[in-house]
Amino acid sequence: MSLAYFYSVYPALTHFAMLVNVCAACSRVCREEKFCIQEYSPMGRIDFDIVVIGGGIVGLASAYKITLAHPHIRIAVLEKEDQLAAHQTGHNSGVIHSGLYYKPGSTKAETCTKGRKELIAFAKKNRIPCKITGKVIVATTKKKLPNMEMIFNNGLENNIEGIEKIGPDEIREIEPFCTGIAGIRVPCTGVIDFGKVAEKLRRLIEKKGKANKVLTSHEVMGFNKHDFYTSVVTNNGAFATKYIINCAGLQCDRIARMDGLNPGIRIVPFRGDYHELTEEACEKVKSLIYPVPDPAFPFLGVHFTRKIDGSVECGPNAVLSFKREGYGKTDFNFTDTWQSLSYWGTWKMFRRHWRYGLGEYTRAFCKKLFLQQLQRLIPSLGPDDIKPGGAGVRAQAIGPKGEPIDDFKIERSKNSIHVLNAPSPAATASLAIGDYINEIATEYFNLR
Ligand SMILES: Cc1cc2nc3c(=O)[nH]c(=O)nc-3n(C[C@H](O)[C@H](O)[C@H](O)COP(=O)(O)OP(=O)(O)OC[C@H]3O[C@@H](n4cnc5c(N)ncnc54)[C@H](O)[C@@H]3O)c2cc1C
């Protein structure tokens, strides 16, 4: 069929298709409006079958899993920064979580355990440095014991290998400088550099198909919707695609709205500041030491992490950030702040947790108070043992009643999938989240 002929009959074909659910490309009657998309849009060729927005670990793992399951699919990952993993993926603690914290049966619990095993195998196969160091969760007061018990039981229900309750002497045996009244030993926790995983995923996606692209410095600014395709407008040109997968992390609610979906949540950014132990103080931490977290909050509490490069990081705290992608303590962006503070959910959350929030804020600006928090786990730490480190910003979805959304949240609209909440342990779980997104895409995008 010549292009001129195609364009002349295109409007009639699509009109007919809309009326009787007949696919204009293959002439079959389609179920539930699942049209197979034409190779040609009125503007010209369809550039990609799927465009994934966001070059963090969730976007890359999803694209990778789709290319594995559907090698014929042309897929693009668009990342606005000039490098991959520029935000949450590149600013996290680098911990491969075991999966014991999460509510049994939740998507977090299921994908974390599965994703952890797959991530370790992936790292080994692709020679990405990764160490299974184990960790201890330490209760420092009697008040923490019921929560510790609850976490341990979650761990049993989630089938976390080798976890055991330990007493003060065993805590000292594992971490000689740490004190606590009881703890949980978690042997299957490890450390990795998630940025390196992201880079490897990029290479594998591009290797899988000549038409596949992972493009940095491509910020998605809007969508032009057409009957059978969407034009994704970026600062570096537009791409015609059949389907969209939104994995934009801190910007995911905005992308969802751009696509016409009311996400029902708002991303409220929480910055986490880290300190590092000095070289001399590093010997005080062998592997990973965590406190018992408060179940009212989605954060795990300030912890010690011996990272894959051997340095020891302590943090992160959790304070409301006035800039979604701001890593400095005084960073400010008017739109980001307005969108957080004009949302009722944020105020409802403040009303409930203002005491906790105030405590976190004072600790963020006062080294002495931050140190006191660390000394609960390692009493011998002194002010000269810590120095300022990096920071990360968490994309925490908050519901309209002020509730932090605990589980991963993935929504579907007609030709799009939106990842609307992928907080920790999404980096650990990324390969399993990729499988999950591939399943949704296969069914709803009718991939063949
Ligand atoms: C401080 C901190 C510590 C953490 N510790 C751990 C841990 O130890 N272990 C663990 O498993 N998890 C941890 N997490 C969680 C984990 O890092 C995240 O869950 C995970 O990285 C989320 O990945 P993502 O791809 O969804 O988001 P991101 O990594 O934020 O990626 C989203 C990408 O989308 C891009 N983007 C946004 N808007 C656009 C646009 N318009 N056009 C194109 N691109 C766009 C962004 O630039 C970004 O690169 C931590 C998170 C933080 C913040």
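In this text the structure is predicted, and so the values were computed from the model without any measurement. (Residues numbered from 1 in each chain as written. Predicted model: local features only at pLDDT ≥ 70, side-chain atom pairs only at ≥ 80, totals over all residues. Heavy atoms only, no water.)

Caption draft 1: Fine view of the site of the ligand. The full set close to the ligand counts 39 residues, and E79, T89, V95, A422 and T428 are the nearest of them. The contact in question runs from a nitrogen atom of the ligand to an N or O atom on the backbone of S93, over 3.3 Å. Here an oxygen atom of the ligand and a backbone polar atom of A427 are 3.5 Å apart. Calculation on the ligand without its partners gives an accessible area of 1000 Å², and the protein chains cover 97% of this total. For the shell around the ligand, the secondary-structure elements that each account for two or more residues are α2 (57-69), β20 (386-398) and α11 (426-444). Class assignment for the residues of the shell around the ligand results in 17 nonpolar, 17 polar and 5 charged. (Near = heavy atom within 4 Å. Polar contact = N/O pair within 3.5 Å; in protein donor to acceptor, adjacent residues only side chain to side chain. Areas by Shrake-Rupley, 256 points an atom, 1.4 Å probe, with all protein chains shown as cover. Helix = DSSP H or I, 4+ residues; strand = E, 2+ residues; numbered from the N terminus. Nonpolar A, V, L, I, M, F, W, Y, C, P; charged D, E, K, R; others polar.)

Caption draft 2: Inspection of the confidence of the model for the chain at higher detail. With 90% of its residues at a pLDDT of 70 or more, the chain shows a mean pLDDT of 90. Across residues 9-42, where pLDDT falls below 50, the model places 67 contacts with residues more than four positions away in sequence or in other chains. (pLDDT = per-residue confidence, 0-100. Contact = heavy atoms within 4.5 Å.)

Caption draft 3: Fine view of the environment of P383. You can see P383 is positioned in the loop between α10 (367-375) and β20. The spatial distance from the C-alpha of P383 to the C-alpha of Q372 is 9.6 Å, given a sequence separation of 11 residues. Other than its neighbours up to four places away in sequence, P383 contacts K367 and L371.

Caption draft 4: Structural view of unusual backbone geometry. Look at the link from G315 to P316: it is a cis peptide, with omega at -5°. Look at the link from S424 to P425: it is a cis peptide, with omega at 10°. Mapped onto the fold, P425 is located in the loop between β22 (416-421) and α11. For N446, which is not a glycine, the phi torsion comes out positive at approximately 55°. Examined against the element boundaries, N446 turns out to sit in the segment after α11. What makes N446 buried here is its relative accessible area of 18%. (Buried < 20%, exposed > 50% of the residue type's maximum accessible area, 1.4 Å probe, protein only.)

Caption draft 5: The arrangement of the sheet that holds strand β10 (residues 190-192) in detail. Here 3 strands make up an open sheet; going across it, the order is β5-β10-β6 and the pairing antiparallel. The sheet is open, and its two borders are formed by β5 (95-96) and β6 (130-131), each paired with just one other strand. Examined bridge by bridge, β6 and β10 share 2 bridges and lie antiparallel to one another. Counted as the bridge partner of C130 is I192 from β10. (Pairing = 2+ DSSP bridges.)

Caption draft 6: Inspection of the environment of R306 at higher detail. Its place among the elements puts R306 in strand β17 (residues 303-306). On the basis of relative accessible area, R306 is assigned to the partly exposed category, the value being 22%. Distance from R306 to I289, taken between C-alpha atoms, is 9.0 Å for residues 17 residues apart in sequence. Those residues in contact with R306 that lie beyond four places of it in its chain are V191, C282, E283, V285, K286, S287, L288, S311 and V312. Among the polar contacts listed, one links the side chain of R306 to the backbone oxygen of C282, at a separation of 2.7 Å. Separated by 2.8 Å, the side chain of R306 and the backbone oxygen of G310 make a polar contact.

Caption draft 7: Highlighting the pattern of salt bridges. Across all of its chains, the model carries 21 salt bridges by this definition. Taking the shortest distance from any N to any O, the salt bridge between K80 and E81 comes out at 2.8 Å. Exposure remark for K80: the relative accessible area of 25% places this residue in the partly exposed category. The partner of R271 in a salt bridge is D273, and the shortest N-O contact between them spans 2.8 Å. Side by side, R271 and D273 carry an identical accessibility label, which is buried. Within the structure, one salt-bridge network assembled from shared partners comprises K65, K114, E118 and D435. (Salt bridge = Lys/Arg side-chain N within 4 Å of Asp/Glu carboxyl O.)

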